[in-house]
Amino acid sequence: MALTPQDIARIAHLARLELQSHESERMLAQINGFFDIVERMRAVDTTGIEPLSHPVAAVQDIALRLREDVASEPDNREANQRSAPAVERGLFLVPKVIE
Amino acid sequence: MKALHEQSLAELALTLRDKEISAVELAKHFLARGAAHEGLGAYLAVNEEVTLAQAAEADARLAKGDRATLLGVPVAHKDIFVTKDFASTAGSKMLENYRSPFDATVVSRLAAAGMVTLGKLNCDEFAMGSSNENSAYKPVKNPWDTSRIPGGSSGGSAVAVAARLAPAATGTDTGGSIRQPASFCGVTGIKPTYGRASRYGMIAFASSLDQAGPMARSAEDCALMLWAMCGPDPDRDSTSLELLPEDFSKTLGASIECLRIGMPKEFFGEGLAPDVRSAIDGALKEYVKLGAKIVEVSLPRTELAIPVYYIIAPAEASSNLSRFDGVKFGHRAKQYGDLLDMYKKTRAEGFGDEVKRRIMIGTYVLSHGYYDAYYLQAQKIRRMIADDFQNAFKQCDVIAGPVAPTVAWKLGEHGNDPLADYLADIFTLPGSLAGLPGMSIPCGFGAGGMPVGLQLLGNYFAEGKLLNAAHRFQQATDFHLRRPEGF
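This paragraph deals with the overall build of chain B. Each helix and strand in chain B was counted, giving 15 helices and 11 strands. Across the 487 residues that make up chain B, the buried fraction comes to 62%. Across chain B, every contact between residues at least 6 apart in sequence was considered, and the portion connecting residues at least 24 apart equals 76%.

Spelled out as structure tokens, the structure:
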């Protein structure tokens, strides 16, 4: 299975990445090269195997940790917005989204 | 008195306690070394004022008779940990000059232990890379041969320790990013069991794999640092384990008589360079002299770890890195049309090539119709790999082998071939996928006089045993004491 230039354009759109045409071409070749080694993985019989997400779950039960649904953080708006590209009156500014 | 930059962490702490030198003078000594060797590219940020203020605070605690083990001892942090007082960039243009409103848990734990921060260390962008050439700022040079890479992604950390610019450093390991640069630069590093160190404030790459750990000049120093860095962080890291910090120093000297060392036959195949093989064989012989027994074990899915890792890590990265959209922090494109265009241009400008590649791979394998075939399949094989380790640990106490198939390669050597870097990760990826603790300790020299590291892998929570095995080796050998000429 090999990806096409159309696939690259579709994935780049999903990933919200603008790619120049020379970048897309290089990306296509490199990703296809990578998927050659992935084919070996697809051939493995994994019938009946549970996926492993928290690695320590391989040897013991790991419960999903939940905490009380209460506000625990102090208001730290100024510090939190210090590195924002565009802020006005404590709000993050984005281009107009509703006409 | 032994040169300050040759003293161990424990020796430095004692020197400070005995008032032979102040924490401020000690910090100045290391800042001066960092400045003198700026050409190595190890540091991304220093701030003398902040460092000296922390050191003065340590001096005040010392004067009051505070005997905290690491009080006043300097450390430098990989620039993947966020810090209030230094810019935190993750080696990316996306976060140029970013100032975090808080410190990472690992950073605040070490600060509470009294350690003084020297600055932030260079790394591959978002910790993605095996050569440090993916840093958006500058490459890092290996002090053993400045035409070679230091390894990655914690390349700045390894170089700072190897060139004596810092007595110890923090690193992070997702697929080998502590062990491989430690091996390439001749320093000691340990990645603990997944979940032992808090991930809070570690800029996320692949959340089910990322782990913090220390890099230093000996197992003894790593034991001290690891003890101070680790511990539960239940309110801030959903995957941190309820394991109390252990005093790893206590068991360092235990006998390793009859320790069973597993040698995975898959780590010693054709792909292993003869110079590395001979250094590893020498290390195993040394272990036999120390009373250990070598047994052959099998990790049959070693090769599969490459595609499995390079599916899982990019998948998680594509999700984690979606937060960089030019709204709340970081870079925003100067010119754009609508919101969608702003996202796309911001991300195109802010991310480097390798990060874009991994975001693309990750987005694809998580997209509709491909999730089961790639991501889920990879997570299933991940369990098989973890089970293979449990089988191996029935026959042995620790596993030993090479960290990487070769010594550090030349800057630019892998050029435009990302696959060459991926394949070189083969021996560190299986342990990462299984979430096991792993170390690299200097065990010899290979081609071009470059250092070779021995990888030690332990079962879950067996950091104490690993550090013990590493320390006994370092008591009998002097590879960890060698230093690159001119440093």
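Counting residues at the interface gives 45 residues for chain A and 60 residues for chain B. Of all the elements in the fold, those that place two or more residues in the side of chain A that touches chain B are α1 (5-14), α2 (21-42) and α3 (77-81) of chain A. For the side of chain A that touches chain B, the leading source of residues is α2 of chain A, giving 10 residues. Taken together, the residues that form the side of chain A that touches chain B break down as 28 nonpolar, 9 polar and 8 charged.

All right, on to the nonpolar core then. Residue and element names in this part refer to chain B. The biggest cluster of nonpolar side chains holds 169 residues, and the ones touching the most others in it are Ala160, Val161, Ala166, Val308, Ile311, Val398 and Leu456. Ranked by residues supplied to this core, first place goes to helix α9 (residues 305-320) with 10 residues. Apart from residues no more than four positions distant in its own chain, Leu456 is found in contact with Val398, Ala400, Gly438, Met439, Ile441, Leu466, Ala469 and Ala470.

Residue and element names in this part refer to chain B. Of the positions making up helix α4 (residues 105-112), those classed as buried are Thr105, Val106, Val107 and Leu110. Where α4 is buried, its residues touch β2 (74-78), β4 (168-173), β6 (211-216) and α7 (219-229). Just downstream of α4, Gly114 is the residue with a positive phi angle, here 100 degrees.

With that settled, the discussion passes to helix α10 (residues 339-350) of chain B. With 12 residues, α10 of chain B should cover 16 Å at 1.5 Å per step; its first-to-last C-alpha distance of 16 Å lies within 8% of that length. Along α10 of chain B, the positions that sit buried rather than exposed are Met342, Tyr343, Lys344, Lys345, Thr346, Arg347 and Gly350 of chain B.

Let's shift gears to the environment of Ala9 of chain A. All names here are of chain A. Mapping Ala9 onto the fold places it in helix α1. A tally of 13 C-beta atoms within 10 Å means that Ala9 is categorised as partly exposed. Between the alpha carbons of Ala9 and Ser24 there is a distance of 7.7 Å; along the sequence they are 15 residues apart.

Residue and element names in this part refer to chain B. The geometry of α9 relative to helix α11 (residues 353-366) is characterised by a closest axis approach of 7 Å and an angle of 95 degrees between their N-to-C directions. In terms of orientation, α9 lies roughly perpendicular with respect to α11. Contact residues: Ile311, Pro314, Ala315, Ala317 and Ser318 in α9; Arg358, Ile359, Ile361, Gly362, Thr363, Val365 and Leu366 in α11.

Okay, the confidence of the model for chain B next. For any part of a model where pLDDT is low, the fine detail of the predicted coordinates should not be relied upon. The pLDDT averaged across chain B works out to 97; a share of 100% of its residues lies at or above 70. Note on the complex model: pTM 0.97, ipTM 0.96.

Further remarks concern the pairing of β6 of chain B. Two faces make up the sheet, and in a regular strand the side chains alternate between them. Residue and element names in this part refer to chain B. Within β6, 6 of the 6 residues are buried, leaving the element largely enclosed by the surrounding structure. Side-chain alternation along β6 places Gln211, Gly213 and Met215 on one buried face and Ala212, Pro214 and Ala216 on a second face that is also buried. Of the strand pairs in this sheet, strand β5 (residues 188-191) and β6 are connected by 2 bridges, and their pairing is antiparallel. Each residue of the ladder has a partner; that of Gly189, found in β6, is Met215.

So, about the confidence of the model for chain A. Per-residue confidence for chain A gives a mean pLDDT of 92, with 99% of residues at or over 70. The lowest-confidence element of chain A is α3 of chain A, averaging 92 in pLDDT; the highest-confidence one is α1 of chain A, averaging 97.

Right, let's talk about unusual backbone geometry for a bit. All names here are of chain B. Residue Ser153 is reached from Gly152 by a cis peptide bond, and omega for that bond is 5 degrees. By the element assignment, Ser153 lies in the loop between β3 (116-121) and α5 (155-162). Look at Phe126: it is not a glycine, yet its phi comes out positive at around 50 degrees. Mapped onto the elements, Phe126 comes out in the loop between β3 and α5. When the 31 C-beta atoms within 10 Å are taken as the criterion, Phe126 is described as buried. A positive phi angle is found at Asn132, which is not glycine, with a value near 65 degrees. In this structure, Asn132 sits in the loop between β3 and α5.

Basis of the calculations
- Residues numbered from 1 in each chain as written.
- Chains lettered and ligands numbered in written order.
- Predicted model: local features only at pLDDT ≥ 70, side-chain atom pairs only at ≥ 80, totals over all residues.
- Helix = DSSP H or I, 4+ residues; strand = E, 2+ residues; numbered from the N terminus.
- Buried ≥ 20, exposed ≤ 12 C-beta atoms within 10 Å, placed from the backbone.
- Contact = placed C-beta atoms within 7 Å.
- Nonpolar A, V, L, I, M, F, W, Y, C, P; charged D, E, K, R; others polar.
- Core = buried A, V, L, I, M, F, W, Y, C linked by C-beta atoms within 7 Å.
- Expected span 1.5 Å × (residues − 1).
- Axes fitted to C-alpha atoms, helices over the stretch in contact; angles between N-to-C directions.
- Parallel < 35°, antiparallel > 145°, perpendicular 65-115°, else oblique.
- pLDDT = per-residue confidence, 0-100.
- Pairing = 2+ DSSP bridges.

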